[in-house]
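# Descriptive analysis of the structure
Listed here are the chains, written in short residue letters.
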Amino acid sequence: MNYIDRTAVTTARLKGLEQDLHLSDIQYDTVVAILYVSYCCAQVPSNMMINRISRPSLYIGMCVVAWGLTSAMTGITHNFAGILACRVFIGFPEAAFYPGTIYLILRWYTRKELAFRSSLLIVGLLISNAFGSLMAAGILSHMEGVRGIRGWKWLFFIEGAITITIGFLSMWSLPDFPNNTRWLTHVERRLAQARLAEDTGEADEDCAEDSMWSGLKMAVKDIKVPIFSVMTVAQLLGLSFTSFFPTLTSTLGFNTTISLLLAAPPWIWAAIVCCIDAYHADKTGERFFHVVGPWWGVLLGYIIAASTFSLGGRYVSLFLMASGHAGYALTLVWVSNAVPRPPAKRAAAIGIVNGFGNLGTLLMSFVRTHD
């Protein structure tokens with residue numbers, strides 16, 4: 001739901017959002033891009049906080065509810081200013097989710113268990129792109145004009161309501177840290193902590209002098225962090241077509257419903273590639289080639305898309321381009337392996353790399369040309 005809510009504006013565009021809100025091309029691009037301004041800026045402080053609060057399950061759950069509510073309110077906007085404000089305020093709570101959840105996973109699993117489990121978050125993103133398009137196709141085709149409300153407005157109402165429900169459920173179901181999760185016994189909590197200590201040779205906890213700010217300073221001074229940040233910018237520049245995927249499939253010449261249905265198979269393929277790549281990365285303990293390898297497919301996909309007008313060729317290129325998420329899925333795992341201790345430094349490093357990296361998506365929102 002994180003990604004479905006984030007990209008709903010691109011799906012709603014196919015059913016008249018631009019026309020109803022009287023948006024120009026540059027205004028629409030600004031609406032898409034502005035979310036990433038607040039999203040990027042909030043990631044570092046959010047991840048620094050999540051390392052210090054005792055109940056990350058409540059923090060993440062409340063953020064899910066907040067962005068779901070804001071997403072639903074997008075359906076009542078009437079102009080550019082209204083939808084722009086909603087997009088800004090979706091970005092703030094969404095910033096807590098992906099880097100925060102990755103950090104929470106890192107507090108539970110050993111180094112050889114991280115890649116596959118962390119990749120499942122990206123698989124969720126990919127599945128959301130696939131079945132989010134199917135869900136959107138159903139809403140836009142069957143809810144148009146119901147109670148006098150446009151279909152794209154129903155899209156925001158329904159998807160936002162689902163997100164709010166999931167947010168409340170996550171407050172109950174998500175774990176906290178190994179030392180204080182409510183629904184584990186004392187023995188289970190001790191076992192979870194012992195596994196991590198055995199994996200690294202030291203307890204996975206901050207020293208008394210490790211504050212949020214000291215963790216940030218250590219992360220900024222570590223040369224690996226800016227290198228990972230630049231790499232993530234490049235990755236997300238290459239993957240920024242994701243924000244316009246329904247528009248890409250619509251250029252194949254089919255109606256809105258068929259275009260949204262055609263958007264699903266490439267993401268299902270990408271999810272399979274992501275799982276295989278991450279599983280093998282865990283088994284071998286290798287990171288570089290598992291991150292870089294899928295990008296040869298992305299490069300080939302871009303070349304095919306730019307060099308042919310063949311319907312089949314262009315559709316195959318979407319499969320190759322989508323598979324690049326398999327490499328991106330392992331980036332923060334690689335960061336956590338390269339910057340393992342102390343937790344305050346690791347939390348700040350993850351926020352910096354992912355926050356700075358999403359500037360790539362922000363930049364690409366204005367690079368796309370219009371027909």
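The structure this text deals with has already been given above.
Quick caveat, the model's predicted, so the values are computed rather than measured. (Residues numbered from 1 in each chain as written. Predicted model: local features only at pLDDT ≥ 70, side-chain atom pairs only at ≥ 80, totals over all residues. Heavy atoms only, no water.)

### Quick look at a nonpolar patch on the surface
Together, Ile127, Phe131, Leu134, Phe254, Ile258, Leu261, Ile268, Ile272, Ile276 and Leu311 make up a nonpolar patch on the protein surface, roughly 810 Å² of accessible area in all. Elements represented by at least two residues in the nonpolar patch include exactly α7 (114-142), α13 (256-262) and α14 (264-284). For Ile127, the location among the structural elements is in helix α7. Using a relative accessible area of 30% as the deciding quantity, one classes Ile127 as partly exposed. (Patch = residues over 30% accessible without salt bridge, like charges linked within 9 Å, V, L, I, M, F, W, Y side chains within 5 Å. Areas by Shrake-Rupley, 256 points an atom, 1.4 Å probe, with all protein chains shown as cover. Salt bridge = Lys/Arg side-chain N within 4 Å of Asp/Glu carboxyl O. Helix = DSSP H or I, 4+ residues; strand = E, 2+ residues; numbered from the N terminus. Buried < 20%, exposed > 50% of the residue type's maximum accessible area, 1.4 Å probe, protein only.)

### Brief notes about the packing of aromatic side chains
Overall, the coordinates contain 15 aromatic pairs when judged by the stated rule. On the basis of an interplanar angle of 50° and a centroid distance of 4.7 Å, the ring pair of Phe245 and Trp267 is categorised as tilted. Residue Phe245 is located in helix α12 (residues 245-250), and its partner Trp267 is located in helix α14; the two are separated by 22 residues in the primary sequence. Among the residues examined, Phe245 registers a relative accessible area of 2% and is labelled buried. Judged by centre distance (5.0 Å) and plane angle (80°), the rings of Phe288 and Phe289 are edge-to-face. A network of ring pairs unites the aromatic residues Phe228, Phe288, Phe289 and Trp334 as a single cluster. The positively charged end of Arg107 is found above the aromatic ring belonging to Phe177, 4.5 Å away from the centroid. (Phe/Tyr/Trp six-rings, centres within 6.5 Å; stacked < 30°, edge-to-face > 60°. Lys NZ or Arg CZ within 6 Å of the ring centre and 35° of its normal.)

### Thoughts on the environment of Tyr109
With respect to the helices, strands and loops of the structure, Tyr109 is situated in the loop between α6 (97-106) and α7. Judged by its relative accessible area of 32%, Tyr109 is partly exposed. Linking Tyr109 and Leu196, residues 87 residues apart in sequence, is a C-alpha distance of 6.9 Å.

### Describing the environment of Leu191
Assignment of secondary structure puts Leu191 in helix α9 (residues 186-200). Residue classification places Leu191 among the exposed residues on the basis of a relative accessible area of 52%. With 12 residues separating them along the chain, Leu191 and Asn179 place their C-alpha atoms 9.7 Å apart.

### So, the packing of α7 against helix α8 (residues 151-173)
Two elements in contact, α7 and α8, have axes whose closest approach is 9 Å; the angle formed by their N-to-C orientations is 130°. When the axes of α7 and α8 are compared, the pair comes out oblique. In the packing of α7 onto α8, the handedness of the crossing is right-handed. For the pair formed by α7 and α8, the contact residues are Gly132, Met135, Ala136, Ile139 and Leu140 on the first element and Gly151, Trp152, Trp154, Leu155, Ile158, Glu159 and Ile162 on the second. (Axes fitted to C-alpha atoms, helices over the stretch in contact; angles between N-to-C directions. Parallel < 35°, antiparallel > 145°, perpendicular 65-115°, else oblique. Left-handed = near helix turned anticlockwise from the far one by under 90°. Contact = heavy atoms within 4.5 Å.)

### What to know about helix α5 (residues 80-94)
Each α-helix winds once per 3.6 residues, and so residues spaced three or four apart point in a common direction. The terminal C-alpha atoms of α5, which comprises 15 residues, lie 21 Å apart, in line with the 21 Å expected from a rise of 1.5 Å per residue. Those residues of α5 that sit buried are Ile83, Cys86, Arg87, Ile90, Gly91, Pro93 and Glu94. Of the surrounding secondary structure, the elements contacted by the buried residues of α5 are α1 (2-12), α2 (17-21), α3 (25-50), α4 (56-73) and α6. The N-cap residue of α5 is Asn79: its side-chain oxygen and the backbone nitrogen of Ala81 are 3.3 Å apart. (Expected span 1.5 Å × (residues − 1). Polar contact = N/O pair within 3.5 Å; in protein donor to acceptor, adjacent residues only side chain to side chain.)

### Structural notes on the pattern of salt bridges
The tally for this structure, following the rule as stated, stands at seven salt bridges. Among the ionic pairs, Asp176 bridges to Arg55, the shortest N-O distance being 2.9 Å. In this pair, Asp176 is assigned in the loop between α8 and α9 and Arg55 in the loop between α3 and α4, connecting sequence segments 121 residues apart. Among the residues examined, Asp176 registers a relative accessible area of 1% and is labelled buried. The class of Arg55 is partly exposed, set by a relative accessible area of 29%. Counted as one network, the salt bridges with shared partners bring together Asp20, Glu144 and Arg150.

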